[in-house]
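# Summary of structural features
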Amino acid sequence: MSDTALPVSLDRDSLVPLAVQLADALRAAAGDGHLRGGDRLPSTRALASRLGVSRTVTSAAYEQLHAEGWIAGRHGSGTYVTTTPPADRPSKGPAPRTPAAPLTLVDLTPGVPWADGVERAAWRRAWRAAADPRPTYREDRAGLPAYRDAVSEHLLRHRGLAAGTVLATGGTTAAVIELAGAVLSRGDRVAIEEPGYQRAVQAFRRAGMEVVPVPVDEEGLRPDAVPADVRAVYCSPAHQYPLGSRMSASRRVELVELARAEGMLVIEDDYDGELRFDVAPLPLLAALAPDVVAHLGTTSKILTPALGAGWMVAPSPVAAAVLEYREGTGTRPSPAGQRVLAELARHGDLGRHLRKLRRELSERRSLVSAALTSAGIPVLGDDAGAHLVVPCGTAAEEAARLTAAERAGIRLDGLVRHFTGTPTVFGNLIGYAGCSREVLHSALKPLIPVFA
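Residues numbered from 1 in each chain as written. Predicted model: local features only at pLDDT ≥ 70, side-chain atom pairs only at ≥ 80, totals over all residues. Heavy atoms only, no water.

Spelled out, the test is: UniProt positions are given in the numbering used here, feature names are shortened, and annotations may be inferred rather than shown by experiment.
With an unreviewed UniProt entry as reference, the protein chain is termed GntR family transcriptional regulator, source organism Amycolatopsis oliviviridis. For the protein chain, the Sequence similarities (unreviewed entry) comment in UniProt is given as "In the C-terminal section; belongs to the class-I pyridoxal-phosphate-dependent aminotransferase family."

## Some remarks on empty space enclosed by the protein
The cut-off we apply is this: Here a cavity denotes a set of grid points, spaced 1 Å apart and computed over the protein atoms alone, in which a 1.4 Å probe fits but from which it cannot get out, and a pocket denotes an open set meeting protein on both sides within 12 Å along at least five of seven lines; residues with an atom within 4 Å of a point are reported as lining. Grid points are joined across faces, edges and corners, and a volume is the space filled by probe spheres set on the points. Three classes are used, and their members are as follows: Ala, Val, Leu, Ile, Met, Phe, Trp, Tyr, Cys and Pro are nonpolar, Asp, Glu, Lys and Arg are charged, and the others, Gly among them, are polar.
One pass over the full model with this rule turns up five cavities of 30 Å³ or more. There is about 60 Å³ of room inside the largest cavity. Lining the largest cavity are Arg159, Ala238, His239, Arg246, Arg252, Asp272, Gly273, Leu275, Arg276, Pro281, Leu282 and Ala384. Taken together, the residues of the lining of the largest cavity sort by class into five nonpolar, two polar and five charged.

## Observations concerning the sheet that holds strand β13 (residues 387-392)
Strand pairing within a sheet occurs via backbone hydrogen bonds; the two strands may be parallel or antiparallel. Quick note on the threshold: For two strands to count as paired, DSSP must find a minimum of two bridges between them. A run of DSSP states H or I qualifies as a helix once it reaches four residues; a run of E qualifies as a strand once it reaches two. Both are numbered from the N-terminal end. Whether two residues touch is decided by their heavy atoms; if any such pair falls within 4.5 Å, the residues are in contact. Fitted lines through C-alpha atoms give the axes, limited to the stretch in contact for helices. The angle between two N-to-C directions lies from 0 to 180 degrees.
Sheet architecture is open: three strands sit in the order β13-β16-β15, paired in antiparallel fashion. Edge positions in the open sheet fall to β13 and β15 (413-414), since each of these has one partner strand only. Relative to strand β16 (residues 426-431), β15 runs antiparallel, the two sharing two bridges. Within β16, the residue paired with Asp413 across the bridge is Leu429. Relative to β16, helix α13 (residues 395-407) is tilted by about 30°, and along the sheet it contacts β13, β15 and β16.

## Side note on the layout of surface pockets
A volume near 630 Å³ is recorded for the largest pocket. Taken together, 29 residues form the lining of the largest pocket, with Gly111, Thr173, Tyr197, Arg199 and Lys301 sitting closest to its centre. At the level of secondary structure, the elements contributing two or more residues to the lining of the largest pocket comprise α6 (172-182) and α7 (198-206). For the lining of the largest pocket, the residue count by class is eight nonpolar, 12 polar and nine charged.

## Describing the sheet that holds strand β5 (residues 166-169)
In spatial order, the strands read β5-β12-β11-β10-β9-β6-β7-β8; together these eight strands make up an open sheet with mixed pairing. Of all the strands in the sheet, the pair left with one neighbour each is β5 and β8 (220-221). Pairing between β5 and strand β12 (residues 310-313): four bridges, direction antiparallel. Looking across to β12, one finds that Val166 is bridged to Val313.

## Re helix α2 (residues 44-51)
Basically, it comes down to this: Each residue is assigned to one of three classes by its accessible area relative to the maximum for its type, calculated with a 1.4 Å probe on protein chains only: buried under 20%, partly exposed between the two thresholds, exposed over 50%. This arc is built from the directions going out from the helix axis to the C-beta atoms.
The complete set of buried residues in α2 reads Thr44, Leu47, Ala48 and Leu51. Looking down the long axis of α2, one finds its buried residues gathered within 100° of arc, a one-sided arrangement. Along α2, the residues that are exposed and aim more than 90 degrees away from the buried face are Arg45 and Ser49. After α2 finishes, the residue Gly52 shows a positive phi value of roughly 70°.

## Comments concerning the pairing of strand β9 (residues 232-235)
To keep things clear, this is the line we draw: A right-handed crossover is one whose linking path, passing over the helix from the first strand to the second, runs clockwise when the strands point away from the viewer.
Alternating residues of β9 divide into Ala232 and Tyr234 and Val233 and Cys235, and every residue in both groups is buried. Pairing of strand β6 (residues 189-194) with β9 involves three bridges; the strand directions are parallel. Bridging across to β9, Ala191 finds its partner in Val233. Traced from β9 through helix α8 (residues 249-262) to strand β10 (residues 265-269), the parallel crossover comes out right-handed.

## Description of α8
Short version of the rule: One less than the number of residues in a helix, times 1.5 Å, gives the span that helix is expected to have.
The terminal C-alpha atoms of α8, which comprises 14 residues, lie 20 Å apart, in line with the 20 Å expected from a rise of 1.5 Å per residue. Packing partners of the buried residues in α8 comprise β7 (210-217), β8, β9, β10, α9 (285-288) and β11 (293-298). The first or second residue beyond α8 is Gly263, which carries a positive phi of 70°.

## Some remarks on unusual backbone geometry
Residues Glu194 and Pro195 are joined by a peptide bond in cis, for which omega reads 0°. Residue placement: Pro195 occurs in the loop between β6 and α7. Residue Tyr241 is joined to Pro242 through a cis peptide bond whose omega torsion reads 15°. Within the secondary structure, Pro242 is located in the loop between β9 and α8. The residue Asp272 is not glycine, and still its phi comes out positive at about 60°. Counting through the fold element by element, Asp272 comes out in the loop between β10 and α9.

Here it is as structure tokens:
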């Protein structure tokens, strides 16, 4: 059976996202009789080629119509208009249709990696190699030696850190949980950036620690606001999450001197540390003060969180305490993701991907920033990472923007939820790594009125 001819035209100058237009057109065609029950639709790939759009657009439209009951898939034979209309549609005559809620088509929340940029052949080769070793009963509490060697080389080449003791972790949050259980005690006070990473806040709180918010400005965390009685300080100096600032050199020195004087542990979350576009990154806190800094990194933002692989570089007593904690609890990071990263590094694929990733995200940031600033919309954040911030004056304005963006089919984030206490700054975060460049570009036009 041949595919049914579709009465569809898309307006690329419209503020309505293309997938919403496509879903509306197909829904209307089914409602007015142009499409009948049993008609076969083109594949998402064929329809995308016919309309000159990305497959993301056609897939999103089909997913919405499938969820509403207008279409159904038959295994091995394609997608068809359903013979039974949706339950809320009258049985006779075309139904007057109330507008459907727009698709949340484009997810522009931060923290999503550019996973589509990972070279497929390299990815498959790494997984095949990772599956080759025979199963073993021996547990590597510190992580596989090949993985720790690969991380050491990565840190030296891309972050300028001659690492001492490297431990594998399950990612940044997993490492925070381990530090809270292995090094800190219930009732300890921990300073953390405000606004800051709320998963870290919850990890410390659930371990029985008291979280002390410390303000952040355009130079990063303020060491002068860190109380002297805290046991640890958690910060993201390379690219502060969520405001996007970089901790200045003077504050880095001030913070590690304070930590030495007061016996604090500095927990350095190297968020977006590899993703600097304008100048070379400042030295890591772990390079300045390896005796008081536990450095945390992850593959989640440079590759994918699916690997569940991260690392910790810590002073010897801290590393020993973490290994003892793993021995006592029976926990350890999964070796599968470690093997994959080691293979990517061994073939040079990791380095090539990082170079491509920096280039791509730099261009995407320029694209988003230019579109906003040319419309008179200010943006905040250093030229780094995978998100920027559009400031506003009140929590109500921030919330209104989130709602308006959602109605236009775009999901954003806001600063309010990143505060532990009372919010003092407001704005919306725009991530630009989690979708194709074509989808990102198409989302900018309906996004401009949201901030205007």
